[in-house]
Every structure is written in C-alpha cells, then in structure tokens.
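Notes for the structure review
Here is what each chain is made of, one letter per residue.
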Amino acid sequence: MRTPFLVVLLCFLLALAGAVGFFWGDKHALDRLGVVDVTPDQMAQAMSADNFYGLWREDTLVASGMVAGVTKQGGDTLIQLETSSVSKVYCDIGTTSTSLAIGANIRVLAEGERANRIPQGVTLVGCTVL
C-alpha cells in the first residue's frame, strides 16, 4: 500500500522540480538579455583578445560605422566595417541586396551569440542594416 503512494509522491516532486527549474531558467535567461552599443573597433579588439563571447554572447549588438567594403561570398553579402586595427569586422546580411557604397555611414544590428571568429577578425551573422 505504501509503494503506490511513494511512486505518486516521487512523480509529483519530480514534476514540481522540473516546473521550478523551467521557470527559474527562463527568468534567468531573460534577465541576461540586453542591447549594447558597440563600435567596430571594440568588436575587433574583443575578438582578437578572445573576449567577444564573454562580453556580448547574450546581447543584441548595435554598431555604427563606415563601410570599408561590400563583397559577395557564397550568395551572401558581406559588409566590411572600417576599423583602426588589422582585425576586420564583417556584417553578413545574407541574400539581401544592398546599394551601400564604400564610405557610407551605417548602423547595424546583430546577435552577439551568432558571431563567427574568422582569421581576419569577426563576422556578424544575420546582421540587419538599420
């Protein structure tokens, strides 16, 4: 008679622990989200110093800068943002077409977690030109 009661109690406790964990994790994740203004130089320096993801993995990045180049790579359009270092910052806008020219000032939006380290610096994947 005691065994069914213990099984039901254990199932209830496991369900309760799962629900508490789910809601606590959801709140923790949402509390960490933010929008951060960064410069192309800060992004290039952070990736070079291996600190990019530590600083901005959970953030939406908003960056303003000058277009240093526009290229096509595998069907995607890459916008290079001007930096004062040898490290480069690219904004991958996907298959979206653009009429941006070198020297234009732009503002872009990207998720820090989706950024890719490349030998030359960093590529912001899924970038949006504002």
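Here we summarise the structure given alongside this text. Fair warning: this is a prediction, and the values are worked out from it, not measured in the lab. Numbers given to residues run from 1 along each chain, matching the order in which its sequence is written. Selection of residues for local features in this predicted model requires a pLDDT of at least 70, selection of side-chain atom pairs for listing and counting requires 80 or more, and totals for whole chains, interfaces and linings are taken over all residues. Heavy atoms from the whole structure form the basis of all side-chain values; hydrogens and water molecules are not counted.

We count a stretch as a helix when DSSP gives it H or I for four or more residues in a row; a strand needs E for two or more, and each element gets its number in order from the N terminus. A count of helices and strands for the protein chain gives three helices and eight strands. Reading the helices (α) and strands (β) of the protein chain from amino to carboxyl end gives α-β-α-α-β-β-β-β-β-β-β. We compute the radius of gyration from the C-alpha atoms alone; for a globule the expected value is 2.2 Å times N to the 0.38, where N is the number of residues. Whereas a compact globule of 130 residues would reach a radius of gyration of roughly 14 Å, the protein chain reaches 22 Å, over 25% beyond that. Its C-alpha atoms give the protein chain principal-axis dimensions of about 80 × 30 × 25 Å. We call a residue buried when its accessible area falls under 20% of the maximum for its residue type, exposed when it is over 50%, and partly exposed in between, using a 1.4 Å probe and counting protein chains only. Among the 130 residues that make up the protein chain, the fraction classed as buried is 31%. Residue pairs at least 24 apart in sequence account for 60% of intrachain contacts in the protein chain once pairs closer than 6 positions are excluded. As displayed, the protein chain has an accessible area near 8,300 Å², and 61% of this comes from carbon and sulfur atoms. In the protein chain, 9 side chains carry a positive charge and 12 a negative one; their mean positions are 6 Å apart. Pairs of residues are marked as contacts when any of their non-hydrogen atoms sit within 4.5 Å. Per-residue and other accessible areas follow the Shrake-Rupley method at a 1.4 Å probe size, with only the shown protein chains counted as cover for residues. When charges are counted, neither His nor the chain ends are considered; positive counts come from Lys and Arg and negative counts from Asp and Glu. By convention, charge coordinates are those of NZ in Lys, CZ in Arg, CG in Asp, or CD in Glu.

What follows covers the nonpolar core. Buried together is how nonpolar side chains tend to be arranged in soluble globular proteins. Each nonpolar core is a collection of buried residues, namely Ala, Val, Leu, Ile, Met, Phe, Trp, Tyr and Cys, held together in the definition by side-chain atoms within 4.5 Å. Counting residues in hydrophobic clusters, the biggest one holds 22 residues, and the most contacted among them are M43, F52 and L124. In terms of residue count, the dominant contributor to this core is helix α2 (residues 40-48) (four residues). Here L124 is in contact with M43, F52, L61, V89, Y90, C91, D92, A110 and A115, once residues within four sequence places are set aside.

The subject of this paragraph is a nonpolar patch on the surface. Here the term patch refers to residues with relative accessible area over 30% and no salt bridge, with like charges joined within 9 Å and nonpolar side chains (Val, Leu, Ile, Met, Phe, Trp, Tyr) within 5 Å. Note on definitions: salt bridges are taken to be side-chain nitrogens of Lys or Arg within 4 Å of carboxyl oxygens of Asp or Glu. A cluster of nonpolar side chains, namely F5, L6, L9, F12, L13 and L16, defines an oily patch on the protein surface of about 590 Å² accessible area. Overall, L6 belongs to the partly exposed group, its relative accessible area being 43%.

Here the focus is the state of the cysteines. Disulfide assignment relies on a single distance test, namely cysteine sulfur atoms paired within 2.5 Å. Enumeration over the complete set of coordinates arrives at one disulfide. Disulfide pairing places C91 opposite C127 at an S-S distance of 1.8 Å. Residues C91 and C127 are joined by a disulfide whose S-S torsion is about -115°; by sign, that bridge is left-handed. Pair noted here: C91 is in strand β4 (residues 88-92) and C127 is in the loop between β7 (121-125) and β8 (128-129), with a separation of 36 residues, a long-range link. Like C127, C91 is buried.

By the definition in use, this model includes three salt bridges. With a closest N to O distance of 2.5 Å, R117 and D50 form a salt bridge. Remark: D50 occurs in the loop between α2 and α3 (52-56) and R117 occurs in strand β6 (residues 116-118); sequence separation between them is 67 residues. Here D50 falls in the exposed class, since its relative accessible area comes to 58%.

Its location among the elements puts D92 in strand β4. Pairs of N or O atoms within 3.5 Å make up the polar contacts considered here, provided that, within protein, one atom can donate a hydrogen while the other can accept it, and that residues adjacent in sequence are counted only when both atoms are side-chain atoms. Looking at D92, its side chain comes within polar contact range of the main-chain nitrogen of G94, at 2.8 Å.

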